[in-house]
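An overview of the molecular structure
For reference, the chains in residue letters:
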Amino acid sequence: MYKWIMAVLFFGGCVFGVGYLVLSPSDKPEEGAETVIKKPAVLVAESDPANKNVYQKSTCLMCHGTDLKGTMGPSLLGVGDKHDKDAIMKIIKEGVGTMGAQYDANIAQGLTDADMNALAEWLSKQKAQ
Ligand code: HEC
C-alpha cells in the first residue's frame, strides 16, 4: 500500500514538473515590456602584442582561457568595465578571492615587468561594446 502511495506521488510529481516546464510563462516576454539588448563582451584589440606576446605566454590562460572566455576561472571578457589598469595590476600582484598572486610565476616564466604592465593595460581595454 505504502509503495503505491509513493509511486502515485512520484508520478504526480513528474507530471507536475514537466507540466510546469512546458507551461511556465517565465521565458515568454511580457506584452509591451521593453527589450533591453545587452551586447555580450567580445575580445578587444585581439592583435595587440600584449595578447600574442604576453597573455598567450602567461599563467593566466590556464584559468581564463586563450580567448578570455574562462575555464576554471571566470571569463575576463569585459573585465575593463569592472577594473582599471591599476586594479588589474594589483590583482596580478596580490591575487583576488580564490585566485592566488600571479606576478612572480610569470616573471619566472620569462615575462618582464613591462610585459605585465602591457598585459594589465590590454585587459583594462576589455570593455563591453
Ligand atoms: C589558477 C587559476 C588562475 C590563474 C593562473 C589566473 N587566474 Fe585570474 N582568477 C581566477 C579565479 C578563480 C578568479 C575569481 C576569484 C574570485 O573572485 O574568487 C580570478 C579572477 C581574476 C580577475 C578578477 C575578475 C573579476 O571579474 O573581477 C582578474 C582581473 C584576473 N583574475 C586576472 C588574471 C590575470 C591577469 C592572470 C595572469 C597574470 C590570472 N588572472 C591568472 C583564477 C586564475
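Residue numbering note: each chain is counted from 1, following its sequence as written. Predicted model: local features are reported for residues with pLDDT of at least 70 only, side-chain atom pairs are reported and counted for 80 or more only, and whole-chain, interface and lining totals are derived from all residues.

This brings us to the overall build of the chain. Secondary structure elements follow DSSP: runs of H or I no shorter than four residues count as helices, runs of E no shorter than two count as strands, and numbering proceeds from the N terminus. Along the chain, the regular secondary structure elements total six helices and zero strands. Each helix and strand of the chain, ordered N terminal to C terminal, gives the series α-α-α-α-α-α.

Attention now goes to the nonpolar core. By convention in this section, buried Ala, Val, Leu, Ile, Met, Phe, Trp, Tyr and Cys residues joined through C-beta atoms within 7 Å make up a nonpolar core. Each residue is classed by its C-beta neighbour count within 10 Å, where at least 20 other C-beta atoms makes it buried, 12 or fewer makes it exposed, and intermediate counts make it partly exposed; the C-beta atoms are placed from backbone geometry. Residues A50, V54, Y55, L119, A120, W122 and L123 are the most contacted members of the largest nonpolar core, which totals 17 residues. For this core, the secondary structure elements donating two or more residues are α2 (49–54), α4 (85–94) and α6 (113–124). With six residues, the top contributor of residues to this core is α6. Not counting residues within four places of it along the chain, the set of residues in contact with V54 comprises L111, D115, A118 and L119. We call two residues in contact when their backbone-placed C-beta atoms lie within 7 Å.

The criterion for a residue being near a molecule or strand is a backbone-placed C-beta atom within 6 Å of that molecule or strand. The immediate surroundings of the ligand are formed by 23 residues, with C60, C63, G73, G97 and M99 found nearest. Among the elements of the structure, α3 (60–64) and α4 are those that each provide at least two residues to the shell around the ligand. Looking at the shell around the ligand, the element that brings in the most residues is α3, giving four residues. A per-class count over the shell around the ligand returns 13 nonpolar, nine polar and one charged. Only Asp, Glu, Lys and Arg are considered charged, only Ala, Val, Leu, Ile, Met, Phe, Trp, Tyr, Cys and Pro nonpolar, and every remaining residue, Gly among them, polar.

Note on backbone geometry: most residues besides glycine have negative phi, and most peptide bonds are trans. If you check the backbone angles, A45 has positive phi at about 50° while not being a glycine. Among the structural elements, A45 can be located in the loop between α1 (2–23) and α2.

Tracing the backbone shows Q56 in the loop between α2 and α3. Measuring from C-alpha to C-alpha, the distance between Q56 and D67 comes to 9.2 Å, with 11 residues separating the pair along the chain. The residues touching Q56, leaving out its near neighbours within four places in the chain, are N51, L61 and T66.

This part is about the environment of L123. Turning to its location among the elements, L123 is positioned in helix α6. Between the alpha carbons of L123 and G78 there is a distance of 8.5 Å; along the sequence they are 45 residues apart. Discounting residues that sit within four places of it in the chain, L123 has contacts with L76, V79, G80 and I88.

The α-helix winds at 3.6 residues per turn, so residues separated by three or four positions along the chain end up facing the same way. Here, expected helix span is obtained from the residue count minus one, scaled by 1.5 Å. Counted at 1.5 Å a residue, the expected span for α6 with its 12 residues is 16 Å, and the 17 Å between its end C-alpha atoms agrees. As for α6, its buried residues are in contact with α2, α4 and α5 (103–108).

Quick look at the packing of α4 against α6 now. Whenever a helix is involved, its axis is fitted only over the stretch in contact; in every case the axis is a line through C-alpha atoms, and angles between N-to-C directions fall within 0 to 180 degrees. At a minimum axis separation of 8 Å, α4 and α6 run at an interaxial angle of 125°. As judged from the angle between their axes, α4 and α6 are oblique. Of the two elements, α4 crosses α6, and the hand of that crossing is right-handed. Of the residues in α6, those in contact with K85, I88, M89 and I92 of α4 are M116, N117, A120, E121, L123 and S124. Residue classes in the contact of α4 with α6 are distributed as six nonpolar, two polar and two charged. For this classification, under 35 degrees means roughly parallel, over 145 means roughly antiparallel, 65 to 115 means roughly perpendicular, and everything else is oblique. By definition, turning the near helix anticlockwise from the far helix through less than a right angle yields a left-handed crossing, and turning it clockwise yields a right-handed one.

Purely geometric stuff here, so don't read any function into it on its own.
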